[in-house]
Every structure is written in C-alpha cells, then in structure tokens.
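Here is what each chain is made of, one letter per residue.
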Amino acid sequence: MEPKQLLSCIDFRYITDALTEDEALEILEKAKSGKAEREKYMLKHGYPAYTTSCAWLGYSDERLRQLCTEALEAGWTRFKVKVGADLEDDIRRCKLVREMIGPNNIMMLDANQRWDVKEAIDWVSKLAQFKPLWIEEPTSPDDILGHATIAKALASSGIGVATGEQCQNKVMFKQFLQASALQFVQIDGCRLASINENLSVLLMAQKFQVPVCPHAGGVGLCEVVQHLIIFDYIAISGSLENRMCEYVDHLHEHFKHPVVIKNASYVLPKEPGFSSEMKEDSLQQHKFPDGKVWQELASKP
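Every chain is numbered independently, its residues counted from 1 as its sequence is written. It should be noted that, the model being predicted, local features are given only for residues of pLDDT at least 70 and side-chain atom pairs only at 80 or more, the latter also being counted only at that level, while totals for whole chains, interfaces and linings use all residues. The basis for every side-chain value is the complete set of heavy atoms in the structure, and neither hydrogens nor water enter the calculation.

A.B. asks: Any chance you could explain helix α7 (residues 144-154) here in plain terms?
C.D. replies: Helical geometry note: an α-helix holds 3.6 residues per turn, so side chains three or four residues apart project in the same direction. Looking only at α7, the buried set comprises Ile144, Gly146, His147, Ala148, Ile150, Ala151 and Leu154. Buried residues along α7 sit in contact with α6 (117-127), β4 (134-136), β5 (160-163) and α8 (170-178). Where α7 begins, one side-chain oxygen reaches toward the backbone nitrogen of glycine 146, 2.7 Å away; that side chain belongs to aspartate 143. Exposed residues in this analysis have more than 50% of their type's maximum accessible area, buried residues have under 20%, and partly exposed residues fall in between, with area computed by a 1.4 Å probe over protein chains only. Counting from the N terminus, the helices are the DSSP runs of H or I reaching at least four residues and the strands are the DSSP runs of E reaching at least two. Note on definitions: a residue-residue contact is assigned when non-hydrogen atoms from the two residues lie within 4.5 Å. Polar contact is defined as a pair of N or O atoms within 3.5 Å, subject to the rule that within protein one atom must be able to donate a hydrogen and the other to accept it, and that residues adjacent in sequence are counted only when both atoms are side-chain atoms.

Listed below in structure tokens is the structure:
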C-alpha cells in the first residue's frame with residue numbers, strides 16, 4: 001500500500017495533538033528509502049526476539065540454570081525475569097540469571113503491575129546492580145503519571161520503563177508518550193482495535209522516537225504480533241536499535257501457521273493472513289462445555 005492509502009485506514013481522532021496525518025505521511029514517505037533492503041534483511045535474518053520462558057516466578061534455582069543454559073545454547077541473548085513477589089528472592093534470582101547469561105547479554109524485568117509507585121522505585125533501585133534494560137509494568141497499567149514518576153526516578157540508573165500490553169486504546173499510548181512515561185512501547189496485537197489502531201500507535205512511537213517491543217505472552221500473540229513489528233521495521237521505524245519482540249514457547253501447536261523462531265529471531269512469515277487461524281481439531285477439543293479437554297476436567301474428582 002502507498003502511504004496515503006495506508007493512512008486512510010487510520011482514525012486520527014483524539015491523537016492529532018500528538019501526531020497529525022501530515023506528520024504520519026512524512027514518516028511513511030521517509031521510510032520508503034531503504035525499504036527493499038530492510039525487507040531483504042528480514043528475509044535473511046528475521047526479527048530479533050527475547051525469551052520469557054527461562055525465569056518465571058516459582059522456578060527452582062536448578063530449573064533456572066537448566067533453562068538459561070538451554071537458551072544460551074540455542075542462541076538466545078535477551079532474557080526476561082519475572083519479579084515482584086519477594087525482594088530478597090528477586091535479588092538472588094537476578095544474580096543467578098545475570099551470572100548465567102554473562103555481562104553482555106540483555107536482561108529485562110517484569111513486575112506484572114505488582115507495586116505502588118514509590119515501592120516500584122525502591123524495589124527496582126535495589127535490582128539496578130544487575131543492569132536490567134527495563135522494568136515492565138511496575139505499577140497499575142492505567143497510571144500514566146505514576147509510570148512517568150517511576151521513569152524519571154530510574155533514569156539515572158539507565159533502566160527504562162516498558163508498558164502497554166494492557167493499554168486498551170491509542171489515547172492511553174498518546175498520553176504515555178507525551179508524559180515520557182515509557183521508554184519502550186509494548187503493543188499487544190489483540191488488545192487494541194485491530195491492525196488499524198495498532199498502526200496509529202506505531203506511528204506515534206516513531207514520532208516520539210520510542211522503540212516498540214511488542215508483548216507476546218499469550219495464546220497466539222506471537223503469531224499475530226510478528227506481522228506488526230516486522231512491518232514497523234520495514235515501513236515505519238527502519239531501526240532495530242533497542243528493539244525486540246517477546247517470545248514464549250507454548251501452545252503454538254494449535255495454529256495452522258505457527259510462528260517460527262531461528263537463531264533467536266522471528267522468521268518472516270510467508271503465508272497470507274494474520275497467522276491467527278487455529279486448527280479445527282484444537283477448537284473442537286477445547287470447545288466449552290462439550291470438548292474433550294473440558295470433559296476430561298469435569299470427570300476428575
């Protein structure tokens with residue numbers, strides 16, 4: 001699609017104080033330069049991913065070591081650690097993961113909305129010694145000014161704030177960006193109103209020069225969001241600096257065109273569509289209340 005045709009798919013209401021249609025057109029026109037080369041790069045190398053599968057809360061130290069070792073052997077260089085339940089446990093786990101992955105690989109933290117604002121600042125400050133790139137969802141996903149306060153307090157530590165997976169509309173993203181409340185935009189392929197609204201967020205992020213690192217920790221989200229972030233690189237941002245897409249290795253077997261990871265990167269999908277179609281057998285087995293999975297659960301004492 002040509003830039004003007006693409007922009008006709010976007011509703012600019014409520015966001016023109018942050019991004020006008022003319023500004024969006026300028027971004028798309030500028031990105032046309034080098035577009036073919038970026039597409040070739042994606043076909044050859046894929047889009048960089050990070051793993052969330054190594055360091056969930058509740059994993060034993062032995063399990064953490066095993067998963068980190070396996071991930072490193074598979075070529076992963078970006079690792080996310082879940083935090084927020086217990087500070088001393090977080091310090092121990094982050095120390096273990098940092099020792100496992102070494103000083104040059106990237107670590108991110110994710111608190112899943114665990115803290116109040118001051119608590120978030122104090123807690124993450126104690127984890128700064130492990131050099132995380134970001135703290136994800138440190139507080140309520142609706143608290144834009146709270147995120148701004150956290151981002152400002154942690155800036156001197158070199159730790160950014162990442163959020164967005166719970167943002168339900170483009171206006172929230174607009175305000176997060178205007179308030180400098182996030183340093184990493186985490187779109188969710190299914191939270192906003194389809195591709196159209198996600199496009200407006202990708203363009204606003206480019207206007208504010210904030211990298212997009214999509215959330216993909218849910219059923220089918222890897223399949224869906226790969227299209228958006230690869231499009232962002234090829235046609236909008238043209239950059240891979242501080243950019244990566246989440247990958248969680250579960251439930252891909254239920255999709256007709258599951259995501260493919262090679263060398264810790266998303267392989268460019270070749271099939272038409274949004275990669276979201278599920279296998280008929282999976283749908284029938286999980287159909288409520290008559291599907292096989294539900295029947296087996298109901299039969300258990």
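A.B. asks: What should I look at first to understand the pattern of salt bridges in this one?
C.D. replies: Charged atoms that come close allow side chains of opposite charge to pair. Salt bridges are defined as contacts in which a side-chain nitrogen from Lys or Arg sits within 4 Å of a carboxyl oxygen from Asp or Glu. Overall, the coordinates contain 16 salt bridges when judged by the stated rule. Of the charged contacts, one joins aspartate 11 and arginine 13 as a salt bridge, the two residues approaching to 2.7 Å between their closest N and O atoms. Here the salt bridges share partners, and the residues they tie into one network are Lys80, Lys82, Asp110, Glu136 and Glu246.

A.B. asks: Honestly, the state of the cysteines in this entry has me stumped. Any pointers?
C.D. replies: Linking two cysteines covalently through their sulfur atoms gives a disulfide. Whenever a pair of cysteine sulfur atoms sits within 2.5 Å, that pair is classed as a disulfide. Using the criterion set out here, one finds 0 disulfides in the structure. Sulfur of cysteine 9: no disulfide; nearest cysteine sulfur belongs to cysteine 190 and is 19 Å away. In this structure cysteine 68 is not part of a disulfide, and its nearest cysteine sulfur, from cysteine 54, lies 4.7 Å away. You can call cysteine 68 buried: its relative accessible area is 0%.

A.B. asks: Help me understand the side chain of aspartate 232 in this model?
C.D. replies: Along the polypeptide, aspartate 232 turns up in helix α10 (residues 221-237). On the basis of relative accessibility, which here comes to 1%, the residue aspartate 232 falls in the buried class. A distance of 3.3 Å separates polar atoms of two side chains, one belonging to aspartate 232 and the other to arginine 243. If sequence neighbours within four positions are ignored, aspartate 232 has contacts with Leu202, Ser237, Gly238 and Arg243.

A.B. asks: Teacher, can you tell me more about the packing of α6 against α7 here?
C.D. replies: Packed helices, taken two at a time, are described by the angle their axes make and the gap between the axes. Running from N to C, α6 and α7 point in directions that differ by 30°, and their axes come no closer than 9 Å. By the angle between their axes, α6 is roughly parallel relative to α7. Between α6 and α7 lies a crossing whose hand is right-handed. On α7, the residues touching Val117, Ala120, Ile121, Val124 and Ser125 of α6 are Gly146, Thr149, Ile150, Ala153 and Leu154. Residue composition of the contact of α6 with α7, grouped by class: 7 nonpolar, 3 polar and no charged. To get an axis, fit a line to the C-alpha atoms, keeping to the stretch in contact for a helix; angles then go from 0 to 180 degrees between the N-to-C directions. An angle below 35 degrees is read as roughly parallel, one above 145 as roughly antiparallel, one from 65 to 115 as roughly perpendicular, and any other as oblique. Here is the rule for handedness: rotate from the far helix to the near one, and if that takes an anticlockwise turn smaller than a right angle the crossing is left-handed, while a clockwise turn gives right-handed. Each residue is assigned to one class: nonpolar for Ala, Val, Leu, Ile, Met, Phe, Trp, Tyr, Cys and Pro, charged for Asp, Glu, Lys and Arg, and polar for all the others, Gly among them.

A.B. asks: What exactly am I supposed to notice about the pairing of strand β1 (residues 47-55) here?
C.D. replies: Look at any regular strand and the pattern is simple: side chains alternate between the two faces of the sheet. When you tally the buried positions in β1, you get 9 out of 9 residues, the bulk of the element. Taken together, the 3 bridges between β1 and strand β7 (residues 245-247) define a ladder with parallel strand orientation. Each residue of the ladder has a partner; that of alanine 49, found in β7, is cysteine 245. For the handedness criterion, the strands are oriented away from the viewer, and a crossover whose path from the first strand over the helix to the second runs clockwise is classed as right-handed. Running through helix α4 (residues 61-73), the crossover from β1 to the neighbouring parallel element strand β2 (residues 78-82) is right-handed. When DSSP locates at least two bridges between a pair of strands, those strands are taken to pair.

A.B. asks: It is not clear to me how the nonpolar core should be interpreted in this structure. Could you clarify?
C.D. replies: Note on soluble globular proteins: their nonpolar side chains tend to be buried together. We call a set of buried Ala, Val, Leu, Ile, Met, Phe, Trp, Tyr and Cys residues a nonpolar core when their side-chain atoms join them within 4.5 Å. Formed by 82 residues in total, the largest nonpolar core has its most connected members in Val83, Ile135, Val185, Ile187, Leu203 and Tyr266. If one sorts the elements of this core by residue count, α10 sits on top with 9 residues. Each residue touching valine 185, except ones within four places of it in the same chain, is listed here: Thr163, Phe173, Leu177, Val201, Ala205, Val210, Pro211, Val212, Cys213 and Pro214. In terms of nonpolar packing, the next biggest core, distinct from the first, is built from 8 residues, Tyr50, Trp134, Ala162 and Cys213 among them.

A.B. asks: Is there a simple way to explain the packing of α8 against helix α9 (residues 194-207) in this structure?
C.D. replies: Axis separation between α8 and α9 bottoms out at 10 Å; the angle between their running directions is 10°. Judged by the angle between their axes, α8 and α9 are roughly parallel. Contacts from Lys170, Phe173, Lys174 and Leu177 of α8 reach α9 at Glu197, Ser200, Val201, Met204 and Ala205. The residue inventory of the contact of α8 with α9, partitioned by class, reads 5 nonpolar, 1 polar and 3 charged.

A.B. asks: Explain the side chain of histidine 147 to me, please; I cannot follow it from the model alone.
C.D. replies: Position of histidine 147 among the secondary structure elements: in helix α7. The residues touching histidine 147, leaving out its near neighbours within four places in the chain, are Glu137, Pro138, Thr139, Ser140, Pro141, Val161, Thr163, Phe176 and Ala181.

A.B. asks: Quick question: what am I supposed to make of the packing of aromatic side chains here?
C.D. replies: Centre-to-centre distance and the angle between the planes together describe a pair of aromatic rings. By convention, a stacked pair of Phe, Tyr or Trp rings (six-membered ring in the case of Trp) has centres within 6.5 Å and planes under 30 degrees apart, an edge-to-face pair has planes over 60 apart, and any other such pair is tilted. Scanning all chains against the criterion turns up 7 aromatic pairs. Each ring, one from tryptophan 134 and one from phenylalanine 184, has its centre 5.0 Å from the other, and the planes form 55°; the classification is tilted. Taken together, the residues tryptophan 134 in strand β4 and phenylalanine 184 in strand β6 (residues 184-185) connect sequence positions 50 residues apart. Across the pair, phenylalanine 184 and tryptophan 134 agree in class, each one buried. Here a set of aromatic residues connected by ring pairs shows up, and it is made of Tyr50, Trp134 and Phe184.

A.B. asks: How do you make sense of the pairing of strand β3 (residues 106-110) when you look at a structure like this?
C.D. replies: Within β3, 4 of the 5 residues are buried, which leaves the element mostly enclosed by the surrounding structure. Across 5 bridges, β2 lies against β3 in parallel orientation. Each residue of the ladder has a partner; that of arginine 78, found in β3, is isoleucine 106. In the sheet, β3 pairs with β4 via 2 bridges, with the strands oriented parallel. By the bridge assignment for β4, aspartate 110 is matched with glutamate 136. Handedness of the β3-α6-β4 crossover: right-handed.

Bear in mind that shape data such as this cannot, by itself, settle questions of function.
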